[in-house]
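Residue-level structure breakdown
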Amino acid sequence: MPRESLQSKKDRMQLVIRALRKTYPDAHCELVYKNPLELLIATILSAQCTDKQVNIVTSDLFEKYKTAQDYAVASQEALENDIRRIGLFRSKARNIRLCSQKLVEDHRGQVPETMEELVQLGGVGRKTANVVLGNAFEIQVGIVVDTHVKRLSERLRFSRANSAEKVEQDLQKLVAPHHWTMFSHWLIWHGRRRCAARSPQCASCEIKDLCPSNASSQ
């Protein structure tokens, strides 16, 4: 198969976005939150865990902890117990405490609105920062690359990179900046509802004609 040009990829990406936007008009972040702090905490908890499980845990957690100060002064043992149903709960409890302590010390308990400041917080990498900036503040800095986005980007031949950072760079060349936040939601929704890792529903896929990996045509 000849190598696809950058312009061809951009053209195909526009068609993919158009189709996914039509298919998932209500796509959104499926973590439940009411403010930037809640989204930040939920996103830290979501690493290697389903949004559904995170939402179950945070329904009680957010009733108990209202501010960054509440998390900052909580004991490691108490916070671990509150999120015990989440995978990696010990390290996540530690990161949440460190993150919240820095929020209190450096940001008066408020979640900052820049990538540079967010990634200085405990347990916050670029993906988490992108989630918070794009969804809590509507600031388009980058594209969230989770397992779904990475898998679908490879299947669609938009990126074959191994690292999330490189996948994000590849996608930013193809997706218009005003779509960056929603693009990840569209791919995540499609990955959860149609293009699963082990058994993608290629025959009924809404973008099968745009996908080089479409099994139903091979």
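In this report, we go over the structure that sits alongside the text. (Residues numbered from 1 in each chain as written. Predicted model: local features only at pLDDT ≥ 70, side-chain atom pairs only at ≥ 80, totals over all residues. Heavy atoms only, no water.)

A tally of helices and strands in the chain yields eleven helices and zero strands. Listing each helix as α and each strand as β along the chain from the N terminus yields α-α-α-α-α-α-α-α-α-α-α. The C-alpha radius of gyration computed for the chain amounts to 19 Å, which stays within 12% of the reference 17 Å derived for 218 residues, consistent with globular compactness. Each of the three principal axes of the chain carries a C-alpha extent, and together these read 55 × 30 × 30 Å. Taken across its 218 residues, the chain has 47% of its residues classed as buried. Taking contacts inside the chain between residues at least 6 apart in sequence as the whole, the part at least 24 apart equals 59%. Within the structure as shown, the chain displays about 11,600 Å² of accessible surface, and the carbon and sulfur contribution to it stands at 49%. With 33 positive and 25 negative side-chain charges, the chain shows a separation of 7 Å between the mean positions of the two kinds. (Helix = DSSP H or I, 4+ residues; strand = E, 2+ residues; numbered from the N terminus. Rg over C-alpha atoms; globule rule 2.2 N^0.38 Å. Buried < 20%, exposed > 50% of the residue type's maximum accessible area, 1.4 Å probe, protein only. Contact = heavy atoms within 4.5 Å. Areas by Shrake-Rupley, 256 points an atom, 1.4 Å probe, with all protein chains shown as cover. Lys, Arg positive; Asp, Glu negative; His and termini not counted. Charge placed at Lys NZ, Arg CZ, Asp CG, Glu CD.)

Here we come to the pattern of salt bridges. Per the counting criterion, the structure on display carries twelve salt bridges. For the salt bridge of Asp51 with Arg192, the shortest nitrogen-to-oxygen distance reads 2.9 Å. Highlighted residues: Asp51 in helix α3 (residues 51-64) and Arg192 in helix α11 (residues 180-193), separated in sequence by 141 residues. A relative accessible area of 35% means that Arg192 is categorised as partly exposed. The residue Glu206 makes a salt bridge to Arg194 at a minimum N-O spacing of 2.7 Å. Remark: Arg194 occurs in the segment after α11 and Glu206 occurs in the segment after α11; sequence separation between them is twelve residues. Judged by its relative accessible area of 33%, Glu206 is partly exposed. (Salt bridge = Lys/Arg side-chain N within 4 Å of Asp/Glu carboxyl O.)

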